[in-house]
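Structural overview
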Amino acid sequence: MTASDYQRLAREVVDPDVWDFIEGGAESERTLRANLAAFDRFRLRPRVLTDVSTVDTAVSVFGTRYRTPVGVAPTAYHRLVDDEGEVATARGAGAAGALFVVSVFASRTLEDIAGAAGSGLWLHLYWFRRREVMAGLVERAAAAGFGALVLTVDAPRIGRRWRDMRNGFAIGGDVAAVNIDAAVMALTHHSDEGRSAIAEHAAESFDAAVTWADLAWLRQRTSLPIVLKGILTAEDAALAVAHGVDGIIVSNHGGRQLDGAVASLDALPEVVDAAGAAVPVLFDGGVRRGTDALTALALGARMVLLGRPPLWGLAAGGADGVEGLLRTTTEELAHAMALAGRPRLADLDRSVVRARPGDER
Ligand SMILES: Cc1cc2nc3c(=O)[nH]c(=O)nc-3n(C[C@H](O)[C@H](O)[C@H](O)COP(=O)(O)O)c2cc1C
Ligand SMILES: O=C(O)C(=O)c1ccccc1
């Protein structure tokens, strides 16, 4: 009935090393915990007698309408938890009318995923040293009907995730990043205790030298909207707008990158203020309930994305599990909107929330 029910069911069926990979964060996992705790420092200010007989959760981004502002964040290798992988996720998200951001490390082809999608898909990219690999992906994404590109900018290298390093975590069996040249991917399958194959692969293949100026290269290659994922400061939000990006995702990568980084929710207001009305600001990190989504939307997010919860849904029940997880969270949001006296997303603004008494800054 709730995300935590899916989490409990998923834990029973997922391999323990894969579970650590999904659930874990970087280093002391302080930012991972902070993402969740941040929501508890806000309280809601309900209004009454506003006619909440119908509640509308529909939202448009880049000209596409979604039935819910709760979408799926990019997460790698869905076949680790379900044989159909991203194809099942796409079916589930489509049935819920939700956005699905497909990871460049998806374990099904972009074309198969697009064939199963019933709602919008965006493609996430890391900046690879081999730019021809990126160029090829950008072309395929456009041909397959993806609606935007999401460039993740908080991972010039992969965070130190002690759980994965202790486990010698590697992508095993017949799971693979099938959209990327096998030669680029070889390292990902080599398991060695004390090291994470994913981190080693990234060190080889990601270009840590990219800067704002390089965005022009990507801009030149596509007419798709470009969204930067992993912005946590007003300074970088202003630079993003100045460099012509079309959207921003406030994110600390689910606490998997810079440990000690600000909780995602705490970064949201300054990014929204710096971006102004210029570009949509989306949000991820720690959203587990409808009231969490309501809080982030009230602080200015156009949409909220879920990282781990859809993987719980997928592991627990395939496409139906993803759909159920998204529907449940959306119903919780609609319920909270009704009880808060704000039946439309356009009614959500900062007057919906206040700091918990004792936590005023
Ligand atoms: C298993 C897993 C894999 C992920 N893979 C990617 C990825 O390939 N690219 C990316 O930008 N973010 C990736 N992320 C981060 C998510 O997109 C998202 O930022 C984060 O999970 C949101 O936090 P939440 O899990 O608290 O909802 C991954 C997260 C998890 C848990
Ligand atoms: O981005 C991540 O969090 C992540 O886990 C990952 C997965 C595969 C390749 C690179 C990073």
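Residues numbered from 1 in each chain as written. Chains lettered and ligands numbered in written order. Predicted model: local features only at pLDDT ≥ 70, side-chain atom pairs only at ≥ 80, totals over all residues. Heavy atoms only, no water.

In the nomenclature of an unreviewed UniProt entry, the protein corresponds to Alpha-hydroxy-acid oxidizing protein from the organism Dactylosporangium aurantiacum. Its UniProt record gives the protein the following Cofactor (unreviewed entry) comment, quoted word for word: "FMN". Among the UniProt annotations of the protein, the heading Sequence similarities (unreviewed entry) holds the following wording: "Belongs to the FMN-dependent alpha-hydroxy acid dehydrogenase family." (UniProt positions renumbered as here; feature names shortened; annotations may be inferred.)

Looking at the pattern of salt bridges
A complete count under the given rule lists 19 salt bridges for this structure. Between D266 and R41 there is a salt bridge; the shortest N-O distance is 2.8 Å. Of this pair, D266 sits in helix α12 (residues 264–275) while R41 is found in the loop between α3 (30–39) and β1 (42–44), placing the two residues 225 residues apart along the sequence. What makes D266 partly exposed here is its relative accessible area of 23%. A salt bridge links D273 to R350; the nearest nitrogen and oxygen atoms lie 3.1 Å apart. Placement of the pair is D273 in helix α12 and R350 in the loop between α14 (308–339) and β12 (353–355), with a sequence separation of 77 residues. (Salt bridge = Lys/Arg side-chain N within 4 Å of Asp/Glu carboxyl O. Helix = DSSP H or I, 4+ residues; strand = E, 2+ residues; numbered from the N terminus. Buried < 20%, exposed > 50% of the residue type's maximum accessible area, 1.4 Å probe, protein only.)

Here we look at the site of ligand 2
What surrounds ligand 2 is the set F21, A76, Y77, F105, Y126, I158, R161, I198, H253 and R256. Y126 is positioned such that a nitrogen or oxygen atom in its side chain is 2.6 Å from an oxygen atom of ligand 2. Contact between ligand 2 and R161: an oxygen atom at 2.9 Å from a side-chain N or O atom of the residue. Against a free-state accessible area of 300 Å², the protein chains account for coverage of 93% of ligand 2. Counted by class, the shell around ligand 2 contains seven nonpolar, one polar and two charged residues. (Near = heavy atom within 4 Å. Polar contact = N/O pair within 3.5 Å; in protein donor to acceptor, adjacent residues only side chain to side chain. Areas by Shrake-Rupley, 256 points an atom, 1.4 Å probe, with all protein chains shown as cover. Nonpolar A, V, L, I, M, F, W, Y, C, P; charged D, E, K, R; others polar.)

Focus on helix α9 (residues 197–205)
Listed as buried for α9 are A197, I198, H201, A202 and S205. The buried residues of α9 all sit within an arc of 135° when viewed along its axis, so they share a single face. Contacts made by the buried residues of α9 are with α2 (16–23) and α8 (182–185). (Arc of directions from axis to C-beta. Contact = heavy atoms within 4.5 Å.)

A word on the pairing of strand β9 (residues 247–250)
Side chains of β9 alternate between two faces, with G247 and I249 and I248 and V250 buried alike. Here strand β8 (residues 226–231) runs beside β9; their pairing, made up of four bridges, is parallel. Bridge pairing in β9 links V227 to G247. Where β9 meets strand β10 (residues 281–284), three bridges bridge the pair, whose relative direction is parallel. If you follow V250 over to β10, its bridge partner there is F283. Where the polypeptide runs from β9 across α12 and back to β10, its parallel neighbour, the crossover connection is right-handed. (Pairing = 2+ DSSP bridges. Right-handed = clockwise from strand over helix to strand, strands pointing away.)

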